[in-house]
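What follows is the residue order along each chain.
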Amino acid sequence: LAIGRKSEPVSSDKFVCSEFVRQIVSPAQRNNPNAPPVPPLSVKEIETISIYDVVGKDKIRCRQRTATFLVPSQTDPIAFKKWQLSQGKPVDVRYYDVTYTRVV
């Protein structure tokens, strides 16, 4: 679920994009009555910032950072406590280098 998106040119060969999304993961339902209980929904917010550089006629390079933030839960006391302990800071930060090449 996209909460916000923005893009800005920095120069003729560089632009920056950002996106903030809410990720909702629902566990699969089990048909086995003896299976353990299904955990509650997992809700997180993910911020992605991408810096794109045009490096040739058919190539763009991107440096990307994703940061995952916890969201307070109204139904899961453990998830709520984890959110409190995170103090608004990301619980996972990852960096990616991506290259897009036009195929003709």
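Residues numbered from 1 in each chain as written. Predicted model: local features only at pLDDT ≥ 70, side-chain atom pairs only at ≥ 80, totals over all residues. Heavy atoms only, no water.

S.K.: Please give an account of the packing of aromatic side chains that cites residues and values.
M.R.: For the structure shown, the criterion picks out three aromatic pairs. Both rings, one in Phe-15 and one in Tyr-52, keep their centres 4.7 Å apart while their planes meet at 15°; by these two values the pair is stacked. Pair noted here: Phe-15 is in strand β2 (residues 14-25) and Tyr-52 is in strand β3 (residues 42-56), with a separation of 37 residues, a long-range link. Judged by relative accessible area, which is 14%, Tyr-52 ranks as buried. Arranged with centres 5.4 Å apart and planes meeting at 40°, the rings of Phe-80 and Trp-83 form a pair that is tilted. In this pair, Phe-80 and Trp-83 are both assigned in helix α1 (residues 77-86), three residues apart and thus about one turn of the helix distant. What links up through ring pairs into an aromatic cluster is the set Phe-15, Tyr-52 and Tyr-100. (Phe/Tyr/Trp six-rings, centres within 6.5 Å; stacked < 30°, edge-to-face > 60°. Helix = DSSP H or I, 4+ residues; strand = E, 2+ residues; numbered from the N terminus. Buried < 20%, exposed > 50% of the residue type's maximum accessible area, 1.4 Å probe, protein only.)

S.K.: Quick one: what's the story with the sheet that holds strand β1 (residues 2-11), residue by residue and with numbers?
M.R.: On the basis of which strands lie adjacent, the open sheet formed by five strands has the order β1-β2-β3-β4-β5 and antiparallel pairing. The sheet is open, and its two borders are formed by β1 and β5 (92-101), each paired with just one other strand. Taking each pair of neighbouring strands and ignoring which way they run, the sheet shows an average axis angle of 20°. Pairing analysis gives eight bridges linking β1 to β2, with the strands arranged antiparallel. (Pairing = 2+ DSSP bridges. Axes fitted to C-alpha atoms, helices over the stretch in contact; angles between N-to-C directions.)

S.K.: A description of the layout of surface pockets should follow, citing residues and the corresponding values.
M.R.: A volume near 350 Å³ is recorded for the largest pocket. Considering the residues around the largest pocket, the lining is formed by 15 residues, among which Leu-41, Ser-42, Val-43, Ser-73 and Ala-79 are closest to the centre. At the level of secondary structure, the elements contributing two or more residues to the lining of the largest pocket comprise β3 and α1. Its residues placed into classes, the lining of the largest pocket shows eight nonpolar, four polar and three charged. (1 Å grid on protein atoms, 1.4 Å probe; cavity = no way out; pocket = protein on both sides within 12 Å on 5 of 7 lines; lining within 4 Å. Points joined across faces, edges and corners; volume = space filled by probe spheres on them. Nonpolar A, V, L, I, M, F, W, Y, C, P; charged D, E, K, R; others polar.)

S.K.: Hey, could you go over α1 for me, with residue numbers and the actual values?
M.R.: For α1, the N-terminal capping position is held by Asp-76, with its side-chain oxygen 3.1 Å away from the main-chain nitrogen of Ile-78. Backbone geometry just downstream of α1 places Gln-87 in the positive-phi region, at approximately 50°. (Polar contact = N/O pair within 3.5 Å; in protein donor to acceptor, adjacent residues only side chain to side chain.)

S.K.: Summarise the pattern of salt bridges; cite the residues concerned and give the values.
M.R.: Considering all chains together, one arrives at eight salt bridges under this definition. A salt bridge links Lys-14 to Asp-53, with the nearest nitrogen and oxygen atoms 3.7 Å apart. Taken together, the residues Lys-14 in strand β2 and Asp-53 in strand β3 connect sequence positions 39 residues apart. Judged by relative accessible area, Asp-53 falls into the partly exposed class, the value being 26%. (Salt bridge = Lys/Arg side-chain N within 4 Å of Asp/Glu carboxyl O.)

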